[in-house]
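Here's the letter readout for the chains.
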Amino acid sequence: MIGTGVLKGMAVTMRNFVGSYFEEDRLTTVQYPEERAPLPENYRNFPFLPFDGEDPHAGLRCVACKICEKECPPQCIYIVKSEDKKPDYIGKPQFYPKVFNIDISVCMSCQICVEVCPFEAIKMDKVFELSRQERFDALLMRKSDLAKSNDYYHTIHPTEAAEVDANLAAAAAAKKKPA
Amino acid sequence: MSVGFHELAEAPPPMTSRLDGELLEISMGPQHPSTHGVFRMNVALDGETVVKLKPVFGYLHRNHEKIGETTSYLGSMPYTDRLDYFCSMTNNWAYALSVEKLAGIEVPERAEYLRVVLAELTRLQNHTSLLGFLLSDMGAWGTPLMYAFREREKILDLFESLSGSRMMCDYMRFGGCRVDAGPDWMERARKVVDAYPRFLDEFEKLVVSNEILIARTQEIGKLSAELAINAGITGPMLRASGVNYDLRKVDGYGFYPRFKFRVPLGDHGDCYDRLMMRALEMRESLDILKQAFEQIQPGPVMNPKVKIRAFKPPIGEAYGRIEGPKGELGFYLISDGGARPYRYRVRPPSFINLTVLEDMCLGHTVADVMVILGSIDIVMGEVDR
């Protein structure tokens, strides 16, 4: 009979409508920003620079080798190397970035900078509420905006950060032994 | 005798109107809710019948292939996500496959299984959202699309918790995958797959026997098998015309020969067949996923010999192709031994499937054009590159 197909479809709609009051599975809406869906641990957004200890300048792991700047597909990283050196986490004098800018309006969150970095000095952040009122350089993240403590890194990616710490400790131990 | 596809396109327009009929030319798009992106069609109408249709595209052109020649091999990987932004996992796989062919890289077993799992999940979510979009093109605003997106979101949540991003996954690497999927991820994926048939049954009940849908899709936009083969159509669209050609069977790339699955075939090659083709393929994808969850073993997911920095494949050329959700997705690479490809070419399925749009639309009404376009399953990011 003509019209039965339409009625069958209506029944499905009705079941979904009524079901949305009783079943978790059918009610998926989250009232952002009052409610928030939890972010998965692996979530990645834009890069940041973790530093050890308290001081963002002394503890910064970046040695301004510029590998990330070279490998970045959309070329959103800009680094100026320092003239002087500062000790790194094992006490070896290293250069540091005098300027480290990431234009996050260009960044496409691909994580290639994290993968190519040999010093575990750049990691992915989880902050996504980054809308700005200004039009031009408000989304240009400078070194002071990018440097975030290792404790912060532990709060956003606990498993990954623990691995990184273990790797760094092992490297430091291996360096110290022969000396 | 084969039908050339220009002969049909240049057939003289029939003037059926008894009034002094002048053809009406209208420009549909580029800003049109049913054109699936910035796609424009210059349509010549006789009354309501389409007598000529000229697709205009390039609004989303962003130099993808040229950028591929100026960035490193790895640097092109995130750009492939943006080709067909519904299926970034299969795009990644196709690109990784061609680079692996070029450089002769082995992929660990677990990574191959993970790739199959992710490709089939991608196929599921692509076909699901396509069904929603197609129905919304037909005037079923809202409901089917929302149901489809509700289910798609579950798969995108899986992608997000594995790769870190819902759509721009950037997950595969040359010689494996970036991170391993833990046991809890596998358990969640298994749950999603087990719950999926319920949605498919419901969706089929919602639309398949609907008289309006049948009237709108059956015998609309017929594509003959000869024309489909001559125009190089691939994917569900070719199979809806009755041609048994699935790269998962033909090429047997990845671990697909290890899985038992059937290739659904259409009979009429009309919009209804193309729609049902997607629904049937989803069932087969679920079968493949269930087998993959049983067969997958723990192990490494990355070939440790592959260099991340300064990756330079030997001189040569390679063409890697996979059966993407939309058809044959291929990447053609020429290497001159440097860090960047000498030539980087994409064979996009939705662009080539779009070439027969005029042949399918001639003689149908304007309202049918939207249905036919929706049944092709295009994504403008891939058409324009």
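Preceding this section is the structure that the text describes.
Residues numbered from 1 in each chain as written. Chains lettered and ligands numbered in written order. Predicted model: local features only at pLDDT ≥ 70, side-chain atom pairs only at ≥ 80, totals over all residues. Heavy atoms only, no water.

J.: An account of the overall build of chain B is needed here, citing residue identities and associated values.
T.: Per the secondary structure count, chain B includes 16 helices and 8 strands. Here the C-alpha radius of gyration of chain B, 21 Å, is about what a compact globule of 385 residues would show, namely 21 Å. Judged by the C-alpha coordinates and their principal axes, chain B covers about 75 × 50 × 40 Å. The buried share of chain B, reckoned over its 385 residues, is 60%. The long-range fraction of contacts in chain B, counting pairs at least 24 apart against all pairs at least 6 apart in sequence, stands at 72%. Just so you have it, chain B exposes about 15,000 Å², and 56% of that area is on carbon and sulfur atoms. Side chains of chain B carry 45 positive and 51 negative charges; the gap between the two charge centres is 7 Å. (Helix = DSSP H or I, 4+ residues; strand = E, 2+ residues; numbered from the N terminus. Rg over C-alpha atoms; globule rule 2.2 N^0.38 Å. Buried < 20%, exposed > 50% of the residue type's maximum accessible area, 1.4 Å probe, protein only. Contact = heavy atoms within 4.5 Å. Areas by Shrake-Rupley, 256 points an atom, 1.4 Å probe, with all protein chains shown as cover. Lys, Arg positive; Asp, Glu negative; His and termini not counted. Charge placed at Lys NZ, Arg CZ, Asp CG, Glu CD.)

J.: Outline the interface of chain B and chain A, supporting the account with residue identities and numerical values.
T.: Chain B puts 33 residues into the contact, and the matching count from chain A is 33 residues. Between chain B and chain A lies a buried interface of about 2,700 Å² when both sides are counted; carbon and sulfur atoms form 49% of it. E115(A) is paired through a salt bridge with R173(B); the nearest N and O atoms lie 2.7 Å apart. For the pair chain B and chain A, the number of links is 15 residue pairs in polar contact (both at pLDDT 80 or more). Per-element tally for the side of chain B that touches chain A: the top contributor is helix α6 (residues 143-163) of chain B, with 8 residues. Here the side of chain B that touches chain A is composed, by residue class, of 11 nonpolar, 10 polar and 12 charged. (Buried area = accessible area lost by both parts, 1.4 Å probe. Salt bridge = Lys/Arg side-chain N within 4 Å of Asp/Glu carboxyl O. Polar contact = N/O pair within 3.5 Å; in protein donor to acceptor, adjacent residues only side chain to side chain. Nonpolar A, V, L, I, M, F, W, Y, C, P; charged D, E, K, R; others polar.)

J.: Summarise the sheet that holds strand β3 (residues 49-56) of chain B; cite the residues concerned and give the values.
T.: All names here are of chain B. Reading across from one edge, β1-β2-β3 is the order of the 3 strands in this open sheet, with antiparallel pairing throughout. Single-partner strands in this sheet number two, and they are β1 (24-28) and β3. When the angles between neighbouring strand axes are averaged without regard to direction, this sheet yields 20 degrees. Two elements, strand β2 (residues 40-46) and β3, share 7 bridges in a ladder whose sense is antiparallel. Bridge pairing in β3 links M41 to P55. Strand contacts of helix α15 (residues 366-376): β1, β2 and β3, with the helix running at about 145 degrees to β2, the strand carrying the most contacts. (Pairing = 2+ DSSP bridges. Axes fitted to C-alpha atoms, helices over the stretch in contact; angles between N-to-C directions.)

J.: Go over helix α1 (residues 4-19) of chain A, please, and point to the residues and values.
T.: Turn by turn, an α-helix covers 3.6 residues, leaving residues three or four places apart pointing in a common direction. For α1(A), built from 16 residues, the straight-helix expectation of 22 Å at 1.5 Å per residue is met to within 8% by its first-to-last C-alpha distance of 22 Å. Here α1(A) has its buried residues at G5(A), G9(A), V12(A), N16(A) and G19(A). Projected onto a plane normal to the axis of α1(A), the buried residues spread over an arc of 95 degrees and lie on a single side. Those residues of α1(A) that are exposed and aimed more than 90 degrees away from the buried face are L7(A) and M10(A). Buried residues along α1(A) sit against α6, α7 (183-207) and α8 (211-217) of chain B. (Expected span 1.5 Å × (residues − 1). Arc of directions from axis to C-beta.)

The quantities given are spatial measurements derived from coordinates; they are silent on function.
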